[in-house]
Amino acid sequence: EPEVTQTPSHQVTQMGQEVILRCVPISNHLYFYWYRQILGQKVEFLVSFYNNEISEKSEIFDDQFSVERPDGSNFTLKIRSTKLEDSAMYFCASSDSGVSNQPQHFGDGTRLSIL
Amino acid sequence: RKEVEQDPGPFNVPEGATVAFNCTYSNSASQSFFWYRQDCRKEPKLLMSVYSSGNEDGRFTAQLNRASQYISLLIRDSKLSDSATYLCVVVYSSASKIIFGSGTRLSIRP
């Protein structure tokens, strides 16, 4: 069964540094998403992306964050000037349709630890 | 009021029991609903979609009540492997806005 893959599985970074989290969505999917989950808390929507542009973003997704689809397969989340509170699991998801009743498929996440 | 609220849990029930969770949502513009499960430190995995007429998948039954703005999940004949956190997910019309509930933790004991 096709799956969403994320790399790295664990990223440790010094506060203030930039990180790029990578995702390869399922190949025929067109809609891409990033979520984060701080340890012990709920999954929070960050951003959705379609047709090379952001469809929607949450209040969490401020100027510190950006997303990009640099080629035909990767979907990246960049976090600039990382802060301690950016430590979380970051999940990428994709779906084959923007119709709301189509479920999203999640990657197994990148654990980001900011020191 | 939170956009999506779930039973706080945790639920601790014996194997074979029937257990039900509820989830309420505040925005009547909500279009689609799902139940996901999440194992400890793992990604959310789709359990089932929730259809207006209610739907069943094996031991799992999901129902939607638009008038009262809640969805429910019923698990019959619970198994040890059902132990997980169950996440209620609400999607708005464009599929661009997705809200997760904070989850209900279920623990099945032998």
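Structure: see above.
Overview of the structure. Here the residue index of a chain counts from 1 through its sequence in written order. Each chain gets a letter, beginning with A, and each ligand a number, beginning with 1, in the order they are written. Residues qualify for local features only when their pLDDT is at least 70, as the model is predicted, and side-chain atom pairs are given and counted only at 80 or more; totals for whole chains, interfaces and linings, by contrast, use all residues. Think of the side-chain values as coming from all heavy atoms in the structure, minus any hydrogens and water.

**Concerning the overall build of chain B**
Going by this rule: Under the scheme used here, helices are H or I runs from DSSP no shorter than 4 residues and strands are E runs no shorter than 2 residues, and both carry numbers assigned from the N terminus. The size measure is the radius of gyration over C-alpha atoms, and the globule rule it meets is 2.2 Å times the number of residues to the 0.38 power. Only protein chains enter the accessibility calculation, which uses a 1.4 Å probe; a residue is then buried when its area is under 20% of its type maximum, exposed when over 50%, and partly exposed in between. For this analysis, residues touch if any pair of their heavy atoms sits within 4.5 Å. Note on areas: Shrake-Rupley with a 1.4 Å probe; residue coverage comes only from the protein chains shown. Positive: Lys, Arg. Negative: Asp, Glu. His and the chain ends are not part of the count. In plain terms, the charge of a residue is placed at NZ if it is Lys, CZ if Arg, CG if Asp and CD if Glu.
Helix and strand content of chain B: zero helices and eleven strands. From first element to last, N terminus to C terminus, chain B shows the α and β order β-β-β-β-β-β-β-β-β-β-β. The C-alpha atoms of chain B give a radius of gyration of 13 Å, which matches the 13 Å a tight globule of 110 residues would have. Projected onto its principal axes, the C-alpha coordinates of chain B cover approximately 40 × 30 × 25 Å. Here chain B holds 110 residues, and 48% of them are scored as buried. Long-range contacts, defined as pairs at least 24 residues apart, comprise 56% of the intrachain contacts of chain B with a sequence gap of at least 6. Put simply, chain B shows about 5300 Å² of open surface, and 46% of that area lies on carbon and sulfur atoms. Chain B carries 13 positive and 10 negative side-chain charges, and their two centres are separated by 4 Å.

**Brief notes about unusual backbone geometry**
Residues and elements named next belong to chain A. Residue Pro-8 is reached from Thr-7 by a cis peptide bond, and omega for that bond is -10°. In this structure, Pro-8 sits in the loop between strand E1 (5-7) and strand E2 (10-13). For Asn-52, which is not a glycine, the phi torsion comes out positive at approximately 65°.

**Brief notes about the sheet that holds strand E7 (residues 60-65) of chain B**
Residue and element names in this part refer to chain B. Applicable threshold: Paired strands, as defined in this entry, are two strands with at least two bridges between them according to DSSP. What counts as an axis is a line fitted to C-alpha atoms, over the stretch in contact for a helix, and the angles between N-to-C directions run from 0 to 180 degrees.
Strands sit in the order E1-E3-E8-E7-E6 across an open sheet of five strands; the sheet is antiparallel. Whereas interior strands pair on both sides, the edge strands pair on one side only; in this sheet they are strand E1 (4-6) and strand E6 (55-57). Taken pair by pair, the neighbouring strands of this sheet meet at an average axis angle of 15°, ignoring direction.

**Some details on the interface of chain B and chain A**
Our working rule: Accessible area, probed at 1.4 Å, shrinks when two parts are joined; the buried area is that loss added up over both. For this analysis, a salt bridge means a side-chain nitrogen from Lys or Arg found within 4 Å of a carboxyl oxygen belonging to Asp or Glu. Pairs of N or O atoms within 3.5 Å make up the polar contacts considered here, provided that, within protein, one atom can donate a hydrogen while the other can accept it, and that residues adjacent in sequence are counted only when both atoms are side-chain atoms.
Between chain B and chain A, the contact holds 22 residues from the first and 22 residues from the second. A combined buried area of about 1700 Å² lies between chain B and chain A, and 55% of that area is made up of carbon and sulfur atoms. One can count zero salt bridges joining chain B with chain A. Taken together, chain B and chain A are joined by two residue pairs in polar contact (both at pLDDT 80 or more). With five residues, the top contributor of residues to the side of chain B that touches chain A is strand E4 (residues 30-38) of chain B.

**As for the sheet that holds strand E8 (residues 75-79) of chain A**
Residue and element names in this part refer to chain A. Across the sheet, four strands lie side by side as E1-E3-E8-E7; this open sheet has antiparallel pairing. The open sheet is flanked by E1 and strand E7 (65-68), the only strands paired with a single partner. On average, adjacent strands in this sheet sit at an angle of 20° to one another, irrespective of strand direction. Direction of pairing for E7 relative to E8: antiparallel, over a ladder of four bridges. Bridge pairing in E8 links Ser-66 to Lys-78.

**Notes on the state of the cysteines**
Note the cut-off: Cysteine sulfur atoms are paired as a disulfide whenever they fall within 2.5 Å.
This structure, assessed with the given rule, holds two disulfides over all chains. What pairs with A:Cys23 in a disulfide is A:Cys92, and their sulfur atoms sit 1.9 Å apart. Handedness of the A:Cys23-A:Cys92 disulfide follows from its S-S torsion of about -65°: it is left-handed. Within this pair, whereas A:Cys23 is found in strand E3 (residues 19-24), its partner A:Cys92 is found in strand E9 (residues 88-95), the two being separated by 69 residues in sequence. In terms of burial, A:Cys23 and A:Cys92 fall into one category: buried. Disulfide pairing places B:Cys23 opposite B:Cys88 at an S-S distance of 1.9 Å. Here the disulfide of B:Cys23 and B:Cys88 is left-handed, its torsion about the S-S bond being about -70°.

**Quick word on the pairing of strand E8 (residues 70-75) of chain B**
Residues and elements named next belong to chain B. Inspection of the sheet shows strand E3 (residues 19-25) paired to E8 by six bridges, in the antiparallel sense. Within E8, the residue paired with Phe-21 across the bridge is Leu-73. For E7 and E8, the ladder comprises six bridges, and the chain directions are antiparallel. Bridged to Phe-60 within E8 is Ile-75.

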